[in-house]
Amino acid sequence: MGFARTCSVALVGVEGVVVEVQADLEPGIAAFTLVGLPDKSLVESRDRVRAAVVNSGGDWPQKKLTVGLSPASVPKGGSGFDLAVACAVLGAAERIDPKILADIVMIGELGLDGRVRPVRGVLPAVLAAADAGYEQVVVPEGTAGEAALVPGVSVLGVRSLRQLIAVLTDEPVPQEEVDESGRPDSLLAGLSMPGSGVGTGLGGSAHDGQGLDLAEVVGQLSARTAIEVAAAGGHHVMLSGPPGAGKTMLAERLPAILPPLTREEALEVTAIHSVAGMLPPGKSMIDTAPYCAPHHSATMQSLVGGGPGVARPGAVSLSHRGVLFLDEAPEFSGQALDALRQPLEAGHVTIARSAGVVRLPARFLMALAANPCPCGQYRALGGECDCPPATVRRYQARLSGPLLDRVDLRVEVDAVTRKELSGYGQRGESTKVVADRVRGARERAAARFADTPWRTNSEVPGHALRTRWPAAPGALDEAELDLERGFLTARGLDRVLRVAWTVADLAGRDRPFAQDVALALQLRTGIARGVPMTIGAGS
């Protein structure tokens, strides 16, 4: 009787579970049995592995073969187990020393000719292997750079099963021919999910705002201030105004003024995009804030995640540590919009399905853009709105109160005047200038929260802000008066205080003063408070 085991990784959401792949050979009629709760694509690995072993010059054992995937209670799917299954079978047949295989994690799909094809989710799989204490990982050659991002793990990238067998048996490693016909490498085809939204605005890495300058936005002082405050503190923002005023232009330039991702954040974002099959070609790590702009016809599952079987990441997870832009927000379904309440508050989304419960990270900056009415001309200067009052009310009511209460900044974007468009007005600051100021504000906040689990002002609970980092005496008087009048909720008061801290960080102050709170109230309620709509006013 021959027995061998090696390891692979099963992905549940964006988290990995190390799976032991065991192969057992017994005398009897030649048969191949695969057990351990595999899905259809994994069951088909029996034929792929057999053909790959034979076409790689190996002998397929003519005995009763049983391959078990342990733990058997964890659902397993995908073709990433092929390489581990093949090596476990060869170990049981004594073609490879079984002792060598026991401490190696193998991830990869096999072609019928023995070539090793890459699979999605290599980074979270290698992270799971490292957390479990494994130090050696074998992955397809095309994803070796992605796997090498995990520290403390020795990564071997192979192009074929023949090469891996040669490495494990100390034989000369054959050189695999590379297709130089000019066509895209077919081995990289498995990294992109067909229909996943790559290049359509759904994929977070499709657009990061590079090449778009804030100086191109004409006028809109209030909206520019709101965008800067949103980027500095991670606050959600809503831009309301007539068509053509520049709402989309401002939102598209928001990712460019966000600071670069830290290594920890970059690993989180890259892991999510790897699972979703949306990593940019030739780029193993995403180090800039992602940008996701789904169409208003998007379903609830496409926004928060879901799908058949184990849930896949949705738009809120693809925009993790970046920007989720919902253009024409009232046109989204009410069910889809209200599903955003939990991730907006918690920074993650928990999806329960019959196949299991998945928790996906979703700490993003939400930017909403909305017209005042279906035709967009309601209260517009010189506009003629034909929408009945009842229609306007229904249109504006599509954004529910609980959702809007979670939006810190609400700004009216006015139509651009002829003077501003002709270039006679004062030009706005460039993206670089604003990004430098945002980075400075983030650094002040990071120093303040150094010994806490929070990173930005938008994450800090209101109780902590009021007790550990109090505002200047009398600074909150006007906000507390609005609370008594019913203009603000208790959550709204906390959010005003968070925005005030962000304004103070941008202005270089050590704590919020009355003018900072007044600007925060003005940005949230839209009611003039007697302060200029600029950062550092009144300093």
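See above for the structure.
Residues numbered from 1 in each chain as written. Predicted model: local features only at pLDDT ≥ 70, side-chain atom pairs only at ≥ 80, totals over all residues. Heavy atoms only, no water.

Re the overall build of the protein chain
Across its full length, the protein chain carries 23 helices and 16 strands. Counting only C-alpha atoms, the protein chain reaches 85 × 50 × 45 Å along its principal axes. When the 539 residues of the protein chain are sorted by exposure, 51% land in the buried category. Intrachain contacts of the protein chain at a sequence separation of at least 6 include 71% that bridge at least 24 residues. (Helix = DSSP H or I, 4+ residues; strand = E, 2+ residues; numbered from the N terminus. Buried < 20%, exposed > 50% of the residue type's maximum accessible area, 1.4 Å probe, protein only. Contact = heavy atoms within 4.5 Å.)

Concerning the packing of aromatic side chains
Tallied over the full model, the rule gives four aromatic pairs. Between F32 and W60, the aromatic rings sit 5.7 Å apart at their centres with planes inclined by 40 degrees, giving tilted as the arrangement. With F32 in strand β3 (residues 31-35) and W60 in the loop between α2 (45-55) and β4 (64-70), this residue pair connects regions lying 28 residues apart in the sequence. The exposure class of F32 is buried, given its relative accessible area of 9%. With a relative accessible area of 13%, W60 lands in the buried category. Taking the centre distance of 6.4 Å and the plane angle of 75 degrees together, the rings of W454 and W469 count as edge-to-face. Placement of W454 in the loop between α19 (431-448) and α20 (462-468) and of W469 in the loop between α20 and α21 (477-485) is noted, with a sequence separation of 15 residues between them. Its relative accessible area of 13% is what places W469 among the buried residues. Among the aromatic residues, those joined into a cluster by ring pairs are F449, W454 and W469. It is R448 that lies over the ring of F449; its NZ or CZ is 4.8 Å from the centre. (Phe/Tyr/Trp six-rings, centres within 6.5 Å; stacked < 30°, edge-to-face > 60°. Lys NZ or Arg CZ within 6 Å of the ring centre and 35° of its normal.)

Examining the packing of helix α22 (residues 490-507) against helix α23 (residues 514-525)
For any two helices packed against each other, the geometry is given by the interaxial angle and the distance between the axes. Packing of α22 against α23 leaves a shortest axis separation of 8 Å and a crossing angle of 120 degrees. Considered as vectors, α22 and α23 are oriented oblique to each other. Crossing geometry of α22 relative to α23 is assigned as right-handed. Contacts between α22 and α23 pair G492, R495, V496, V499, A500, V503 and A504 from the former with D516, V517, L519, A520, L521, L523 and R524 from the latter. (Axes fitted to C-alpha atoms, helices over the stretch in contact; angles between N-to-C directions. Parallel < 35°, antiparallel > 145°, perpendicular 65-115°, else oblique. Left-handed = near helix turned anticlockwise from the far one by under 90°.)

Observations regarding the pairing of strand β12 (residues 323-326)
Side chains V323 and F325 of β12 all project onto a buried face; the interleaved residues L324 and L326 project onto the opposite face, where all are buried too. The sheet contact formed by strand β11 (residues 291-292) and β12 spans two bridges and is parallel. Residue pairing across strands places Y291 opposite V323, the latter belonging to β12. Summarising the sheet, β12 and strand β15 (residues 365-370) pair through four bridges and their orientation is parallel. Its bridge partner lying in β15, L324 is registered against M366. (Pairing = 2+ DSSP bridges.)

Digging into unusual backbone geometry
Of the consecutive residues S70 and P71, the connecting peptide bond is found in the cis state with omega at 5 degrees. With respect to the helices and strands, the residue P71 is situated in the loop between β4 and α3 (82-92).

Overview of the sheet that holds β11
Within the open sheet, the five strands sit side by side as β11-β12-β15-β10-β16. Their pairing is parallel. Each edge of the open sheet is held by one strand with a lone partner, namely β11 and β16 (409-412). Sheet contacts for helix α8 (residues 221-233): β10 (237-240), β15 and β16; angle to β16, the most-contacted strand, approximately 165 degrees.

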